[in-house]
Amino acid sequence: MGKRGTVTDYAGEALYTGDLINYAARRENGVRASDAIVREIYFVRVEGRKFPMLKVQPTGTDSGFEPRKTLRAEHVAPTHVRLLRSNVTGEQDEAN
């Protein structure tokens, strides 16, 4: 087995825990742009293939007029994510 490569957003920027990202979140019958912090990077096996997934914690900064009702953690595919700012929480410094 090889080492895990880097997980990237749709533009090719590397994603790590503690990064601030922007992603498309479902809201009723539409979609809103939401900011969140990456809490965990993990892989899901589907039909023999491994796909990366992100567990993210929304910050409460969303597009739209109505505020978010809950700040529960969500699971998002990296293909729907864009990196805004690296290492916002400082978790990367602790790991290295």
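The coordinates are above.
Residues numbered from 1 in each chain as written. Predicted model: local features only at pLDDT ≥ 70, side-chain atom pairs only at ≥ 80, totals over all residues. Heavy atoms only, no water.

Asker: Account for a nonpolar patch on the surface, naming residues and giving values.
Answerer: Together, Val44, Val46 and Phe51 make up a nonpolar patch on the protein surface, roughly 210 Å² of accessible area in all. Counting through the fold element by element, Phe51 comes out in strand β5 (residues 49-62). (Patch = residues over 30% accessible without salt bridge, like charges linked within 9 Å, V, L, I, M, F, W, Y side chains within 5 Å. Areas by Shrake-Rupley, 256 points an atom, 1.4 Å probe, with all protein chains shown as cover. Salt bridge = Lys/Arg side-chain N within 4 Å of Asp/Glu carboxyl O. Helix = DSSP H or I, 4+ residues; strand = E, 2+ residues; numbered from the N terminus.)

Asker: Mind laying out the side chain of Arg68, listing which residues take part and the relevant values?
Answerer: With respect to the secondary-structure elements, Arg68 resides in the loop between β5 and β6 (74-76). Residue classification places Arg68 among the buried residues on the basis of a relative accessible area of 19%. Among the polar contacts listed, one links the side chain of Arg68 to the side chain of Ser34, at a separation of 3.0 Å. There is a polar contact of 3.1 Å between the side chain of Arg68 and the side chain of Glu74. Non-local contacts of Arg68, meaning those with residues more than four positions away in its chain, are made with Tyr23, Ala25, Arg32, Ser34, Pro58, Asp62 and Glu74. (Buried < 20%, exposed > 50% of the residue type's maximum accessible area, 1.4 Å probe, protein only. Polar contact = N/O pair within 3.5 Å; in protein donor to acceptor, adjacent residues only side chain to side chain. Contact = heavy atoms within 4.5 Å.)

Asker: With reference to specific residues and values, describe the pattern of salt bridges.
Answerer: In this structure the tally under the stated criterion is five salt bridges. The salt bridge involving Arg27 is made with Glu28; its shortest N-O contact spans 3.7 Å. On the basis of relative accessibility, which here comes to 23%, the residue Arg27 falls in the partly exposed class. Among the charged side chains, a network of salt bridges with common partners joins Arg32, Asp62, Arg68 and Glu74.

Asker: Quick rundown of the sheet that holds β6? Include the residues and the values.
Answerer: Taken in spatial order, the five strands make up an open sheet running β6-β5-β4-β3-β7, and their pairing is antiparallel. Two strands lie at the open edges of the sheet, namely β6 and β7 (81-85), each paired on one side alone. Taken pair by pair, the neighbouring strands of this sheet meet at an average axis angle of 50 degrees, ignoring direction. Where β5 and β6 come together, three bridges link them in antiparallel fashion. (Pairing = 2+ DSSP bridges. Axes fitted to C-alpha atoms, helices over the stretch in contact; angles between N-to-C directions.)

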